[in-house]
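The chain contents come next:
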Amino acid sequence: MRLELSSYGKGDIRDPFIVVRNADGSFSSDFLFEKAEKCAPKPPEGMPGAYDGADEAERLAVTLKDKASGLTLELYYDVYADCDVICRSSRIVNGGDKPVTVLRLMSTQLDFSKDEWAMTVFHGAWAREMEKQTLPVGYAKLVNSSFTGTSSSRSNPFVMLHEPDATETAGACYGINLIYSGNHYSSAQLNSFGKLRFVSGINPEQFAWTLLPGETLDSPQAVMVFSRKGFGGMSRNMHRFVRRHIVRGPWRDRERPILINSWEACYFDVNESRLLRLAKEAKKAGAELFVLDDGWFGERSDDFSSLGDWYVNTKKFPNGLSGLSRKLKELGLDFGIWMEPEMVNTDSRLYREHPDWTMDIPGREHSEGRNQRILDLANAEVTDYLAETVSGVLEEAGAAYVKWDMNRIFSDVFSRSLPAERQGETAHRYVLGLYRLMEALTRKFPDVLFEGCSSGGNRFDLGILCYCPQIWASDNTDAVCRARIQEGYSYAYPMSTVSAHISASPNHQTLRRTAPETRFDVAAFGVLGLEYNLCDLPADAKKELAAQLELYRRWRGVLQYGDFYRLQSGNVHKWICVSPDRRRAVGLVLRELAEPNTQYEDFKAAGLEPGLIYRFYSLPHKVELMKFGDLVNTVSPVHIKQDSQAHYLVARFVKLAGETEECRVSGAVLMNAGIRLSPAYGGTGFNEHTRVSSDFSSRLYFMEAED
Ligand code: GLA
């Protein structure tokens, strides 16, 4: 049978929804229908839930009862008709007179009849987030889970269940995500009769929650979308839902500022005068917010000390944070600050004062991660202290923005605030503590823009997005890697949540050289920022950057809040973002590696209005002479030795004009026939109509409807 809810012990031997150890030590439950009623959705206790600003969503609450134990299970189905989304969650109530232990409480269960299914998951690691893998669902169980303490870059909690031959534009596709930031678990398996069972929720591994008589425990919410229009249709539904019902507060619909972050420009070597030099250049280029990253507090000069000591280092900042903030304001920049509130180094005042606030096991050597320990957020004393400390920093700094980082995975999970028999609650209680802390701070500072971060994308999930409208997507700022990573995120998360920075070339993570155009184009498909030393840029590069940022300001409404389509993936990435009224759109074509004799390329748009006439254009751009190596001699009247001083000198002054696209065309033609772009360089000659599409090159195409 396909079941709406499955418990253990009554003959259903598939992955269950709920497992409880009863007071007598047995594991069986038999939850039977009692009643169903309609009511208003509410977030789960202690956790963020989908936000229903317009009071339009409806909840169906189904109550089931296990007679023998007195336990009640409530299943919630919240319908967001505006986005075609159902959010599911559950609550267990101990109505009996003895304590029980909840070993598993899922958020959703989906039983499908016999069909062929595939599951797509997004796995990765530090700097390699959101790599997509599709696996057929079969008789061996497929599990997408995290056990790192966070939602993790190893396995993002978002999964897709779909027809094996689904494409971007066709085929049935379910997208399922959890509004949760800790250990998660989703499994899919066929039973002996070919029927699919899917469950998703908190990871039951080492989870054991004692429920006393009268107590309740809630699961996080699972967000479920469906589309028959393939991955693309599913993604756009999910994006709309995240923009409207996950992100909240004054920043929900507000265009996000262009920030400059000090990390890849200075690393730990920050001080007031150095930052002000950087800030002046950033302001000239068009930045709006200056973010002071790691290195400003305690005795911090590397990652061995001072986490926890959130007071300014006055040797580096003699005028304090308020002095720096004032000077930035005079320059016309808002001030933002990096913090990692959940952490402590043993070499810190905080640790010396409160060694019992860390998550480690008394009597055992602790396994450190990035030389630091996690504070025990399961302990309310710790979260209260942190709320006060972070508030103090924000007030002193007059901060408009916070980058909230979290840079290690859990080890030696243990809370001194819990008795031995409740240690199986620690990991979940940590997440509840984190939410309590974030809730308090975002309420107190509603206008501050919080950006999530966890060594990049180690905690990129819907729970964090309820507090942080955007998340630093990866510590990998290489434009080519970023194109893949951001494409991975785009399956589940809208561009307004994905923060993306232009950084130095060669890139600090890959040492790859990419053109300024490529770095800008990829960062523009997200919340664009800057993260490199602008002071050392030559004058023409500064001018080019200023023009790019000006362009971004004009188009960021479309790029951050438009409908996103993946038109092509692989060696060539083609994307388009279309404004909600379909009158403006930006397209991207990014080539990873060049191939000879592939001159002809189309740009086939999506999401436009067929009957409207659009101006389709690209911006004029210059081709670097150095790109052609010794081919320069095919046109030069005198011989130029490749890579010589003379070669560089000529290249500084001679810029070759590249192709520019410009035409008037209907939306129908743009979407069905596509635009045949100027022929690419194919090894047989170059003129001003040639599209030089070498390794890592990219172009943006703009579409504007005519009246
Ligand atoms: C993490 C973040 C980076 C940077 C460093 C600072 O790695 O992801 O962006 O803030 O910490 O230590």
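This section reports on the structure supplied with the text.

Each value, and the rule that gives it
- Residues numbered from 1 in each chain as written.
- Predicted model: local features only at pLDDT ≥ 70, side-chain atom pairs only at ≥ 80, totals over all residues.
- Heavy atoms only, no water.
- Helix = DSSP H or I, 4+ residues; strand = E, 2+ residues; numbered from the N terminus.
- Rg over C-alpha atoms; globule rule 2.2 N^0.38 Å.
- Buried < 20%, exposed > 50% of the residue type's maximum accessible area, 1.4 Å probe, protein only.
- Contact = heavy atoms within 4.5 Å.
- Areas by Shrake-Rupley, 256 points an atom, 1.4 Å probe, with all protein chains shown as cover.
- Lys, Arg positive; Asp, Glu negative; His and termini not counted.
- Charge placed at Lys NZ, Arg CZ, Asp CG, Glu CD.
- Axes fitted to C-alpha atoms, helices over the stretch in contact; angles between N-to-C directions.
- Parallel < 35°, antiparallel > 145°, perpendicular 65-115°, else oblique.
- Left-handed = near helix turned anticlockwise from the far one by under 90°.
- Nonpolar A, V, L, I, M, F, W, Y, C, P; charged D, E, K, R; others polar.
- Patch = residues over 30% accessible without salt bridge, like charges linked within 9 Å, V, L, I, M, F, W, Y side chains within 5 Å.
- Salt bridge = Lys/Arg side-chain N within 4 Å of Asp/Glu carboxyl O.
- Near = heavy atom within 4 Å.
- Polar contact = N/O pair within 3.5 Å; in protein donor to acceptor, adjacent residues only side chain to side chain.

Quick notes on the overall build of the chain
On a plain count of helices and strands, the chain comes out with 13 helices and 36 strands. Relative to a compact globule of 707 residues, whose C-alpha radius of gyration would be 27 Å, the chain shows 27 Å and is just as compact. Going through the 707 residues of the chain one by one, you find that 61% of them count as buried. Considering only intrachain contacts with a sequence separation of at least 6, the fraction spanning at least 24 residues in the chain is 73%. Carbon and sulfur atoms form 51% of the exposed surface of the chain, whose accessible area is close to 28,000 Å². Treating the 83 positive side-chain charges of the chain as one cloud and the 94 negative ones as another, the clouds have centres 2 Å apart.

Quick word on the packing of helix H6 (residues 380-397) against helix H7 (residues 426-444)
Where H6 meets H7, the axes come as close as 10 Å, and the angle between the chain directions of the two elements is 30 degrees. Compared by their axis directions, H6 and H7 come out roughly parallel. Along this stretch, H6 crosses H7, giving a crossing that reads as right-handed. In contact with Ala380, Thr383, Leu386, Ala387, Val390, Ser391 and Glu395 of H6, H7 contributes Gly433, Arg436, Leu437, Leu441 and Lys444. Partitioned by chemical class, the residues of the contact of H6 with H7 number six nonpolar, three polar and three charged.

Digging into a negative patch on the surface
On the surface, a cluster of negative charge is made up of Asp115, Glu116, Glu163 and Asp165. You can see aspartate 165 is positioned in the loop between strand S10 (159-162) and strand S11 (173-178). The exposure class of aspartate 165 is exposed, given its relative accessible area of 62%.

Structural notes on the site of the ligand
Around the ligand, 13 residues are found, and the nearest of them are Asp293, Asp294, Arg370, Lys403 and Asp475. Contacts to the ligand include aspartate 293, whose side-chain N or O atom sits 2.7 Å from an oxygen atom. Between glycine 456 and the ligand, the recorded distance is 3.1 Å, taken from a backbone N or O atom to an oxygen atom. Contact with the protein chains covers 96% of the free accessible surface of the ligand, which is 310 Å². Its residues assigned to classes, the shell around the ligand shows four nonpolar, three polar and six charged.

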